[in-house]
Amino acid sequence: MMTASGDISIQPRDGMLSLADRWPLLAQPTALVVYLCGTVGLALGAAGYLAASTEFRWSELLTFVALMACGAVCIEATRRLGMPAGVSRDLLSAWWLPVALLLPPVYALLAPLPLQFLLQIRVRATVLYRRVFSAAAIGLAAGVASVVFHSVVRDRTGLSLGSSGPLALAVGCAVLFTVLNTALIAVALHVSEGDTRWRDVLWDRERVMLDVVELCLGVLVAIACGLSPVLLVLTLPPVVLLQRSLLHAQLKAAARTDAKTGLLNATAWQREADTEIVRARRTGETLALLIVDIDYFKRVNDTYGHLVGDQVLAGVATALRSQLRDYDVVGRFGGEEFVVLLPRADVAEARRVAERLRSRVGRMAIPVDDAMITVTVSAGVAIMSLHGDDLIELLAAADLALYRAKELGRDRICLPVAPVSPPPARADNSDGGIP
């Protein structure tokens, strides 16, 4: 599900908030605004049409309330553990899918609203348009799955009794829900960050496994609820336990991740880099290390504010990641510095990769109010065995090369030209200011 990267506090400029500050959606690319508004409008239109053509029954309303109450219990369990930025997966589909399979389609469109509202006020407040879009995307996906299921299965007792036909169709509709929801979210992510690769916003092995778990839970809860809503009391504890286990795993992963960029943090990157260096020594393969630094980053913070600076950091991180191989190790080293380890890369390959990164960041533009922010990067390159034999020596060599790139005018790639020695002290330039 799409979530915010954390709580956002808006600082007024010159004592007043701009329109984009008051309405963050307006600061997004036009294509993204059109897509988000179109998706929400479609969901509202579908909900209105289905509500007008649905005969509401008390038994169905009570079932809906019972499933939403179970979802609320899961959300409260999440709240007690906490959900920091970067932790986004949950098992709420275990309650949305039964709504889609057991109740008329209008309920599937309405189900995300109370649960997303609870997530916003009880777990973590995020930018409102993201919550609204998430609810619309989930509702549309569940609504389509519900329409398909109920167009074939008229009597929900067939699913409750485990009949092979309704059960197979329920599984198929659960898959349809997952595919549609993922596609809607992926398109939004791709439109917001046009250079993001589709494989980065669609499935990987871990996402597929989580989707399969959600699918199975949703169908099992639907069968139990179809037999009797009272059985939800028996399905709730295992779902809550699985939710807490999933959240714990995500919290462990988040501890390795830099919150602003989504890259490995310095500690996690050093562990990964040490492992790669040991492997390279054992196999005799080449290995390169890059330190990439955003030029004049202090100007961005001083001119536009730190929130915009964070956007630039995230944009540079995305640009770096889009140009690297899956097994390259990239992380944020601190401030505006990034580190990249390139297994099996020699001097020529390391220079090509570094130049590709420099060129890609140089073409990047971050929209801010009426302006587009562009930045450049400088990079220092070090090669294992040529400039150092362990991580400390390689970092020192790459830092020396980076210092040389800064001295030569920035926006360039450099290698060390002398034996590795500690780089000259920098004159209070750790945040990218002008020397």
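Up top you'll find the structure we're talking about.
All of the points below concern the structure found in this document. Keep in mind that this is a model prediction, so the values were computed, not measured.

About the thresholds
Residues numbered from 1 in each chain as written. Predicted model: local features only at pLDDT ≥ 70, side-chain atom pairs only at ≥ 80, totals over all residues. Heavy atoms only, no water. Helix = DSSP H or I, 4+ residues; strand = E, 2+ residues; numbered from the N terminus. Buried < 20%, exposed > 50% of the residue type's maximum accessible area, 1.4 Å probe, protein only. Contact = heavy atoms within 4.5 Å. Areas by Shrake-Rupley, 256 points an atom, 1.4 Å probe, with all protein chains shown as cover. Phe/Tyr/Trp six-rings, centres within 6.5 Å; stacked < 30°, edge-to-face > 60°. Salt bridge = Lys/Arg side-chain N within 4 Å of Asp/Glu carboxyl O.

**Focus on the overall build of the protein**
Broken down by element type, the protein carries 17 helices and seven strands. Here the protein, with 435 residues, has 48% of them falling under the buried criterion. The contacts of the protein with a sequence gap of at least 6 include a subset with a gap of at least 24, amounting to 75%. Carbon together with sulfur atoms contributes 62% to the accessible area of the protein, which is approximately 20,600 Å² in total.

**Thoughts on the packing of aromatic side chains**
Each aromatic ring pair is characterised by the separation of its centres together with the angle its planes make. This model, assessed by the stated rule, comprises four aromatic pairs. With a centroid separation of 5.9 Å and 55 degrees between ring planes, the pair formed by Tyr35 and Phe133 is classed as tilted. Linking Tyr35 in helix H2 (residues 30-52) with Phe133 in helix H7 (residues 128-152), this pair joins segments that are 98 residues apart in sequence. In terms of burial, Tyr35 and Phe133 fall into one category: buried. The rings of Phe56, Phe64 and Tyr107 are connected pair by pair, giving a single aromatic cluster.

**With respect to the pattern of salt bridges**
Enumeration according to the criterion identifies 14 salt bridges in this entry. Here Arg122 and Glu76 are joined by a salt bridge, their closest N and O atoms 2.9 Å apart. You can see Arg122 sitting in helix H6 (residues 112-123) and its partner Glu76 sitting in helix H3 (residues 58-81), a full 46 residues away along the chain. By relative accessible area, which is 35% here, Arg122 ends up partly exposed. Among the salt bridges present, the one from Lys406 reaches Asp295, with a minimum N-O distance of 3.0 Å. Of this pair, Lys406 sits in helix H17 (residues 391-407) while Asp295 sits in the loop between strand S1 (287-294) and helix H14 (297-304), and the two are 111 residues apart along the sequence. We note that Lys406, like Asp295, is buried. The network of salt bridges with shared partners includes Glu276, Arg279, Glu285 and Arg344.

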